[in-house]
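Chain and residue survey
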Amino acid sequence: MASGVKVDNSVIEKFHEFKIKKNIGYLVCGFSEDISKIVILKEGVNKVPQNAPANEKNKKWAEMLEELPENDVRYAVIDIFYETSEGSRAEIYFIAWAPDTATIKRKMLCASSKDALKNALQGIRNHLQATCKSDLDLAAIISEKTKSK
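Counting from 1, residues in each chain are numbered in the order their sequence is written. Side-chain atom pairs in this predicted model are given and counted only at pLDDT of 80 or more, local residue features only at pLDDT of at least 70, and totals for whole chains, interfaces and linings cover all residues. Side-chain descriptors were evaluated using all non-hydrogen atoms of the structure, hydrogens and water having been removed beforehand.

An unreviewed UniProt entry annotates the protein chain as ADF-H domain-containing protein originating from Adineta steineri. Checking UniProt for the protein chain, the heading Sequence similarities (unreviewed entry) contains the comment "Belongs to the actin-binding proteins ADF family." UniProt positions are given in the numbering used here, feature names are shortened, and annotations may be inferred rather than shown by experiment.

This is how it looks when you write it as structure tokens:
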């Protein structure tokens, strides 16, 4: 089911910058005032050098979580870094945030617009649907990722 909400071109441009230049730590997206398009609401700056350890690079996770409101829906894109026996790894995660306290109308809008955004942001293989902050426990996400390797 599509909502008819479009993805703003600036979202796609910033996502490519996020993927290629690595100077953006994360993107938080939401709906424009008139609910006609998905726009960037917050762009986190990547302050950590590329050669820093994974736990240092993942500090932006907590910052991104602060941008997810308790009563409204959002989408987020962020790199997660982890260590394996083969060395350091990084993977892009797409998060659909729809807390239980958001209105049913907003949760439906989030669910029906999610695919349009995922399809516009090419190259994301990891998707998370979260309804509370405990769904976004970074240690558990990394543990699940490394367990499957």
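After presenting the structure, the write-up continues.
This part takes up the pairing of strand β4 (residues 74-84). Type-normalised accessible area, obtained with a 1.4 Å probe on protein chains alone, sets the label of each residue: buried when under 20%, exposed when over 50%, and partly exposed for intermediate values. The way it works is that DSSP assigns letters per residue, a run of H or I at least four long becomes a helix, a run of E at least two long becomes a strand, and they are numbered from the N terminus. For β4, a buried count of 10 out of 11 residues is recorded, marking the element as mostly surrounded by other parts of the structure. In this description, strands pair whenever DSSP reports at least two bridges between them. Of the pairings in the sheet, the one linking β4 to strand β5 (residues 87-97) comprises 11 bridges and is antiparallel in character. When the sheet's bridge partners are listed, A76 is paired in β5 with I95. Linking β4 to β5, which pair antiparallel, is a turn of two residues.

Only one rule defines a salt bridge in this text: a Lys or Arg side-chain nitrogen within 4 Å of an Asp or Glu carboxyl oxygen. Enumeration over the complete set of coordinates arrives at 13 salt bridges. One salt bridge in this structure joins K59 and E56, with 3.5 Å as the shortest N-O distance. Look at K59 and you get exposed, because its relative accessible area is 54%. With its nearest N and O atoms 3.2 Å apart, the salt bridge here joins R74 to D72. Of the two residues, R74 and D72, neither departs from the other in class, the shared state being buried. If you follow the salt bridges from partner to partner, you end up with K14, E17 and E43 in one network.

Right, let's get into the UniProt feature "domain: ADF-H" (unreviewed entry) in the protein chain. Following the UniProt record, the feature "domain: ADF-H" (unreviewed entry) maps to residues 4-146 here. Split by type, residues 4-146 is 34% helix and 32% strand. Its first and last C-alpha atoms lie 37 Å apart.

Turning our attention to the environment of T146. Tracing the chain through its elements places T146 in helix α5 (residues 138-147). Note on T146: relative accessible area 29%, which makes it partly exposed. With 62 residues separating them along the chain, T146 and T84 place their C-alpha atoms 6.8 Å apart. Residues within four places of T146 in sequence aside, it is in contact with Y82 and E83. Here S143 takes part through its backbone oxygen, which lies 3.2 Å from a polar atom of the side chain of T146. Note on definitions: a residue-residue contact is assigned when non-hydrogen atoms from the two residues lie within 4.5 Å. By the criterion applied in these results, polar contacts are pairs of N or O atoms within 3.5 Å in which, for protein atoms, one can donate a hydrogen and the other can accept it, and in which residues neighboring in sequence qualify only through two side-chain atoms.

Here the focus is the nonpolar core. Only buried residues count toward a nonpolar core. Its members are Ala, Val, Leu, Ile, Met, Phe, Trp, Tyr and Cys residues joined through side-chain atoms within 4.5 Å. Core analysis: the largest hydrophobic core is formed by 23 residues, its most contacted members being F15, I38, Y75, V77, F94, L117 and L121. Counting only elements with at least two residues in this core, the list comes to α1 (9-20), β2 (24-31), β4, β5 and α4 (104-120). Once residues within four sequence positions are removed from consideration, F15 is found in contact with L27, V77, I92, L121, Q122 and I124.

Moving on to the state of the cysteines. A pair of sulfur atoms, both from cysteines and within 2.5 Å, is called a disulfide here. Enumeration according to the criterion identifies zero disulfides in this entry. Free of any disulfide, C29 has its nearest cysteine sulfur in C110, 11 Å distant. What makes C29 buried here is its relative accessible area of 2%. The closest cysteine sulfur to the non-disulfide-bonded C132 is located on C110, 14 Å from its own sulfur. Note on C132: relative accessible area 29%, which makes it partly exposed.

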